[in-house]
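# A closer look at the structure
If you want the building blocks of each chain, they are given just below.
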Amino acid sequence: NTCSIDHLWKCTAVVGEQSVCQHVAVDLNAADKTTLNPLFTLFHSADVTLFLVKDPKQLDVAEFGDEDWQYIEIQLAVPPSSSIFSEEVAYSRNQAISKGRISTSDYTALDNAIREEDGIVDIGSGLKHKQIVRLSRPANLTHVLLSLIYRHTGTTVGGEYRYVTVTIVDIHGDKTPKVTVPLRYVGANDQSPVVNITNNVADLVEGQVEVCVTCGSLTVTDFDHDVFPIRSASVRLLGDNKSFLYQRVKLNATSSLINVTYNVATGEISLVGDASEMEYQAMLNAVIYVNTFEDIGGLPFDHVVVVFSVSDGQNTPGTADVIVRLINVNDRPVLLLNGRLSENVSFHEGGNPVALLSNSVRITDSDNKYLAGATITLVQNQTTDFISANTSGTTITVATFRQGVDFRLELRGKALIEVYEKVISSFTFSTALPRPSLPTVVYRLVTLTVSDGTNTSNVVEVHVGIIPLNDGPIVQFNPHADPDKFASLSDRSHAIAMTEENGPVVVVPDTTTARDVDSRNAGGATLQLHDVKDGLKEILSVNKSLAQTFGIEVNVSVSWTSVNITLRGIALFQVYRQVLLTLQYDNKEIIEPQEGFRTVFITLVDEQGAPSLPAIITVTVTRRNDP
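Parameters and conventions
Residues numbered from 1 in each chain as written. Predicted model: local features only at pLDDT ≥ 70, side-chain atom pairs only at ≥ 80, totals over all residues. Heavy atoms only, no water. Helix = DSSP H or I, 4+ residues; strand = E, 2+ residues; numbered from the N terminus. Contact = heavy atoms within 4.5 Å. Buried < 20%, exposed > 50% of the residue type's maximum accessible area, 1.4 Å probe, protein only. Arc of directions from axis to C-beta. Disulfide = S-S within 2.5 Å. Phe/Tyr/Trp six-rings, centres within 6.5 Å; stacked < 30°, edge-to-face > 60°. Lys NZ or Arg CZ within 6 Å of the ring centre and 35° of its normal. Patch = residues over 30% accessible without salt bridge, like charges linked within 9 Å, V, L, I, M, F, W, Y side chains within 5 Å. Areas by Shrake-Rupley, 256 points an atom, 1.4 Å probe, with all protein chains shown as cover. Salt bridge = Lys/Arg side-chain N within 4 Å of Asp/Glu carboxyl O. Polar contact = N/O pair within 3.5 Å; in protein donor to acceptor, adjacent residues only side chain to side chain. Pairing = 2+ DSSP bridges. Axes fitted to C-alpha atoms, helices over the stretch in contact; angles between N-to-C directions. pLDDT = per-residue confidence, 0-100.

## A closer look at the overall build of the protein
- Tallying secondary structure elements over the protein gives 4 helices and 45 strands in all.
- In the protein, the proportion of contacts linking residues at least 24 apart, taken out of those at least 6 apart, comes to 73%.

This is the structure in structure tokens:
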């Protein structure tokens, strides 16, 4: 890793041929030097003797053919600010020298040389001729080996670059191309490394665990890093926002030249080892910030500062920092009913309003204490359905409206979560089903959400089971009556006539229907004859044998004013209808029966004993016109 002049140049200049300066490969452990062609020769002290070309890689000047070379010109070009008396190039020529280092005392500028001090001569790029040495060709010598040194004896060095050039001139005055050795003055290790970050803001969004800090935008530069490498670096969190329980900086890279350690107590990454700018730059660009806190919005700060520091071991370290912003994502509220997403409640037909949620509702929001609203929706509701809420003592308002076939009730206004829980728990449901109601339990779907003003919670559902009352059977004589509604008085009324001695007559017409919307079976029937005028002479009867065939028990009771027939037994309504169609009235009074109306009442009951509305048959009795 040390710049050695022994391995920089092998230069050969031949009269009449192009001079060649061959670069001998050197590993400077610095990839960024490969673009410099030729590589720089470095010097960095105030009093130095630097070997430019030395054995066995000397400047070999030889003659080929009949042409003679006249002299060799050695030129030193320096900045205008350089002292004229403190810098020079000296040489030694000796055929016998082929190996080994030439001592400084062997170098002279007086051996048959013509020295020219031209003063300030501009040669471009702000440089000037400081010294030109012309070495004449010794008599009868066609081959010479040269070694060159650069001497600097001053206490200060002006400027940065020097150039030493060697040119061969033949007897015709023609010159070969110049062989140039550039010199770069780096001075003492007095330049601090510079850390620059073009993208000095990074964002960690809640839900992420880590984020790259520089994302490749960090660069490290050091003017004299060629001689004085980068020796260490560090990365740390700045200030009070550096609790390491849930956050830290981490390095996702390794290097064979740099040793990396992490201090758990301080949360600092340390990088130690002599390496190039590029090596440290690659390592520092691999730093990430890690934060495992579940709710960033709950932290007492909204950003952290990551500080990068790079040192060459002597000067003030170069530093730069990145602000990592902690971007909070507004979490939506969470709504549960007894820890679940759904609940079942029952409403009994004709009963009082039922609480939909009671005390089962629980609302949480990790980053809000307040809610801004709630929406309860009765999906595909019926016009008789009703939902209400009690907001008394709160600032919450209620708005209701229809949205298509749905009914919506909205709570509006900012209030604490506990207040919303109380109001939501007051929701009640009621309905008035049409009579008769449906035969089985029917359901209503109620959905509920809450909002913090930005985000809406998950949806919870309440399934309301409406339990209908046990509707009684329906007896109708009118075949055009609506079977889904109770029979009107006209639908369940019938009239017949009987003339003296023309009995018995069938009381129930064959258009009669008997049914029940919520039961398949009847449990019994009561058949009553009222307004009896002829006492025991008036008879009401059914086909007892038919009834008993279906397991129906028949009981008859008679009085002077009425006749009662009681049917008992579970059977289909169709069976009871067939029995009812056998109902007959007769009047056995042989001496002029009493004219007028008799009334027959028919009442069916279902299996649970719920009665139907009475079907009424009016029997008009008239006397025969005797001769």
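Anyway, onward from the coordinates.
## Comments concerning helix α2 (residues 417-424)
- Along α2, the residues classified as buried are Ile417, Tyr420, Glu421, Val423 and Ile424. Across the axial projection of α2, the buried residues extend over an arc of 165 degrees, all falling on one side.
- On its buried side, α2 packs onto β27 (361-364), β28 (370-379), β31 (406-416) and β33 (442-451).

## Quick word on the state of the cysteines
- Taken as a whole and assessed by the stated rule, the structure comprises 1 disulfide.
- There is a disulfide in this structure between Cys212 and Cys215, and the S-S distance comes to 1.8 Å. Torsion about the S-S bond of the Cys212 and Cys215 cystine: about 70 degrees, corresponding to right-handed handedness.
- According to the relative accessible area criterion, Cys212 is partly exposed, its value standing at 30%.

## Section: the packing of aromatic side chains
- Counting across every chain of the model gives 2 aromatic pairs.
- Between the aromatic rings of Tyr246 and Phe293, the centroid separation amounts to 5.1 Å while the plane-to-plane angle is 55 degrees, which identifies the pairing as tilted. Here Tyr246, found in the loop between β17 (230-238) and β18 (247-251), pairs with Phe293, found in the loop between β21 (287-291) and β22 (303-311); they are 47 residues apart in sequence, far enough to count as distant.
- Aromatic side chains Phe347 and Phe429 sit 5.8 Å apart centroid to centroid with 85 degrees between the ring planes, which places their arrangement in the edge-to-face category. Note that Phe347 is positioned in strand β25 (residues 342-348) and Phe429 in strand β32 (residues 428-430), a separation of 82 residues in sequence.
- Residue classification places Phe347 among the buried positions, given a relative accessible area of 1%.
- Assessed through its relative accessible area of 0%, Phe429 is described here as buried.
- It is Arg248 that lies over the ring of Tyr262; its NZ or CZ is 4.0 Å from the centre.
- Across from the ring centre of Tyr370, 4.6 Å away, lies the NZ or CZ of Lys414, which sits over that ring.

## Let's talk about a nonpolar patch on the surface
- Among the surface-exposed residues, Leu536, Val556, Val558 and Trp560 lie close enough to one another that they form a single nonpolar patch of about 450 Å² accessible area.
- Relative to the assigned elements, Val558 resides in strand β41 (residues 553-558).

## Things to note about the side chain of Asn458
- Its location among the elements puts Asn458 in the loop between β33 and β34 (460-467).
- Here Leu335 takes part through its backbone oxygen, which lies 2.8 Å from a polar atom of the side chain of Asn458.
- Those residues in contact with Asn458 that sit more than four places away from it in its chain are Arg332, Pro333, Val334, Leu335, Leu341, Leu448 and Thr449.

## What to know about the pairing of strand β40 (residues 538-541)
- Residues Glu538 and Leu540 line the buried face of β40, whereas the alternating positions Ile539 and Ser541 sit on a face that is not buried.
- Relative to strand β43 (residues 584-587), β40 runs antiparallel, the two being bridged by 4 bridges. Pairing of Leu540 across the sheet is with Tyr585, part of β43.

## Here we look at the sheet that holds strand β36 (residues 493-499)
- Pairing within the open sheet is mixed, and its 6 strands lie in the order β36-β45-β44-β39-β42-β41. With one partner strand each, in any of the chains shown, β36 and β41 form the two edges of the open sheet. Between one strand axis and the next, the sheet turns through 15 degrees on average, direction left out of account.
- Looking at chain direction, strand β44 (residues 596-606) and strand β45 (residues 615-622) are connected through 7 bridges and run antiparallel.

## Focus on the sheet that holds β25
- Strand order in the open sheet formed by 6 strands is β25-β34-β33-β28-β31-β30, with mixed pairing between adjacent strands. This sheet does not close on itself; its edge strands, each paired only once, are β25 and β30 (397-403). Taking the axes of each pair of neighbouring strands and ignoring which way they run, one obtains an average angle of 20 degrees across the sheet.
- Here 7 bridges tie β25 to β34, and the two strands are oriented parallel to one another. Opposite Val345, over in β34, you have Val464 as the bridge partner.
- The sheet contacts of α2 involve β28, β31 and β33, and relative to β31 the element is tilted by about 150 degrees.

## A look at the pattern of salt bridges
- Scanning the entire structure with this criterion turns up 12 salt bridges.
- A salt bridge links Glu410 to Arg412, with the nearest nitrogen and oxygen atoms 2.8 Å apart.
- On the basis of relative accessibility, which here comes to 41%, the residue Arg412 falls in the partly exposed class.
- One salt bridge connects Glu501 with Arg624, and the closest N-O pair in it is separated by 2.7 Å. Here Glu501 is found in the loop between β36 and β37 (505-506), whereas its partner Arg624 is found in the segment after β45, with 123 residues between them in sequence.
- Take Glu501: its relative accessible area is 44%, and that puts it in the partly exposed class.
- Several salt bridges converge on common partners, so that one network encompasses Arg408, Glu410 and Arg412.

## Description of the environment of Arg231
- Here Arg231 lies in strand β17.
- Residues contacting Arg231, with those up to four places away along its chain left out, are Leu271, Val272, Gly273, Asp274, Tyr280, Ser311, Asp312 and Gly313.

## What to know about the confidence of the model for the protein
- Of all residues in the protein, 68% attain a pLDDT of 70 or more, and the chain-wide mean is 77.
- Low confidence marks residues 1-60, where pLDDT is under 50. Its contacts with residues over four positions away, or in another chain, come to 158 contacts.
- Throughout residues 94-125 the model reports pLDDT below 50, and contacts reaching past four residues in sequence, or to other chains, amount to 68 contacts.

## Considerations on the environment of Thr618
- Relative to the assigned elements, Thr618 resides in strand β45.
- With 17 residues separating them in the primary sequence, Thr618 and Phe601 have C-alpha atoms 8.9 Å apart.

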